[in-house]
Amino acid sequence: MTRTAERPFTSVSFEQYLSEKKLMGSHCNTCNKDYLPPRAICPNCHSDQLTWVEFSGKGKLAAFTSIYIAPTAMIEAGYGRDNPYFAGVVELDEGVKISAQILGMDAKTPEEVKIDTPLQVEFVERGESDTKKTFLAFRAV
Ligand SMILES: [Zn+2]
């Protein structure tokens, strides 16, 4: 595992890594638990001895819901009442869970979606140059 220059364990750092197409969380060196998004203090043992770790981005679908009432960023991306999307909880191979948009499945037919569908991370860029942001998503493989 490569150690990069230490960034603070914040959502800003997490998003910076996303823009570099890296799914990064924190690992507690005291009790060996992993956190995604990263935590600066371990909620399990209260240690502050955490380091960045990169996750494989492979996992499976643990839960999902179709979103018809979209937040602003998703409306700007073309989603909404007529074009719903899936938000899901993904269980990564490393055992941690994270919520993200789920791609590659039709949100209008949720009955066809199967729990445990294998997923692969995808980094989705939205917005124009100044407001460009990278969002975390997973796609059915
Ligand atoms: Zn810990």
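Residues numbered from 1 in each chain as written. Predicted model: local features only at pLDDT ≥ 70, side-chain atom pairs only at ≥ 80, totals over all residues. Heavy atoms only, no water.

Moving on: the overall build of the protein chain. Scanning the protein chain from terminus to terminus reveals 2 helices and 8 strands. Counting from the amino terminus, the protein chain carries its helices and strands in the arrangement α-β-β-β-β-α-β-β-β-β. Taking 141 residues into account, the globule formula puts the C-alpha radius of gyration at 14 Å, and the protein chain, at 16 Å, falls close to it. Along the three orthogonal principal directions, the C-alpha set of the protein chain runs to about 45 × 35 × 25 Å. Expressed as a percentage of the 141 residues in the protein chain, the buried residues total 38%. Counting every atom, the protein chain has about 8,200 Å² of accessible surface; 50% of that belongs to carbon and sulfur. Computed over 16 positive and 19 negative side-chain charges, the separation of the two mean positions in the protein chain equals 2 Å. (Helix = DSSP H or I, 4+ residues; strand = E, 2+ residues; numbered from the N terminus. Rg over C-alpha atoms; globule rule 2.2 N^0.38 Å. Buried < 20%, exposed > 50% of the residue type's maximum accessible area, 1.4 Å probe, protein only. Areas by Shrake-Rupley, 256 points an atom, 1.4 Å probe, with all protein chains shown as cover. Lys, Arg positive; Asp, Glu negative; His and termini not counted. Charge placed at Lys NZ, Arg CZ, Asp CG, Glu CD.)

A word on the coordination of the zinc ion. Around the zinc ion, the protein contributes the donor atoms Cys28 (SG), Cys31 (SG), Cys42 (SG) and Cys45 (SG), at 2.3 Å from the metal centre. One can describe the site at the zinc ion as tetrahedral: its 4 donor atoms subtend angles covering 105 to 115° at the metal. Read in sequence order, the donor residues for the zinc ion give the motif C-x2-C-x10-C-x2-C. One end of the pair, cysteine 31, is in the loop between β1 (24-28) and β2 (34-35); the other, cysteine 42, is in the loop between β2 and β3 (50-54), and 11 residues separate them in sequence. (Donors = N, O, S within 2.8 Å, 3.2 Å for Na, K, Ca; no water. Tetrahedral: all angles 85-135°; square planar, octahedral: opposite > 155°, others 65-115°.)

What follows is about the layout of surface pockets. Unfilled space is identified by rolling a water-sized probe across the atoms. In this structure, the largest pocket occupies an estimated 290 Å³ of space. Taken together, 14 residues form the lining of the largest pocket, with Ser99, Ala100, Gln101, Phe135 and Leu136 sitting closest to its centre. When residues of the lining of the largest pocket are traced back to their parent elements, those giving at least two are α1 (11-19), β6 (97-103) and β8 (133-140). (1 Å grid on protein atoms, 1.4 Å probe; cavity = no way out; pocket = protein on both sides within 12 Å on 5 of 7 lines; lining within 4 Å. Points joined across faces, edges and corners; volume = space filled by probe spheres on them.)

So, on to the sheet that holds β2. A sheet is described by the order of its strands in space; here 3 strands give the open sequence β2-β1-β3, paired in antiparallel fashion. Because the sheet does not close on itself, it has two edges, and the strands there are β2 and β3. (Pairing = 2+ DSSP bridges.)

Before going further, it helps to examine the confidence of the model for the protein chain. Summarising the model, the protein chain shows a mean pLDDT of 93, and 96% of its residues fall at 70 or more. The lowest-confidence element of the protein chain is helix α2 (residues 72-76), averaging 89 in pLDDT; the highest-confidence one is strand β5 (residues 85-92), averaging 98. (pLDDT = per-residue confidence, 0-100.)

As a further point, take the packing of aromatic side chains. Under the defined criterion, the tally for this structure stands at 4 aromatic pairs. Taking the centre distance of 5.2 Å and the plane angle of 85° together, the rings of phenylalanine 64 and phenylalanine 86 count as edge-to-face. Of this pair, phenylalanine 64 sits in strand β4 (residues 58-67) while phenylalanine 86 sits in strand β5; the two residues are 22 residues apart in sequence, bridging distant segments of the chain. For phenylalanine 86, a relative accessible area of 2% corresponds to the buried category. Aromatic ring contacts, followed pair by pair, group Phe9, Tyr17 and Trp52 into a single cluster. (Phe/Tyr/Trp six-rings, centres within 6.5 Å; stacked < 30°, edge-to-face > 60°.)

Moving on, we get to unusual backbone geometry. A cis amide bond links leucine 36 with the next residue in sequence, proline 37, at an omega value of -5°. By the secondary structure assignment, proline 37 is in the loop between β2 and β3. In the Ramachandran plot, lysine 21 falls in the positive-phi region, its phi being about 60° despite a non-glycine side chain. Its location among the elements puts lysine 21 in the loop between α1 and β1. Taking the relative accessible area as the measure of exposure, lysine 21 reaches 46% and is therefore partly exposed.

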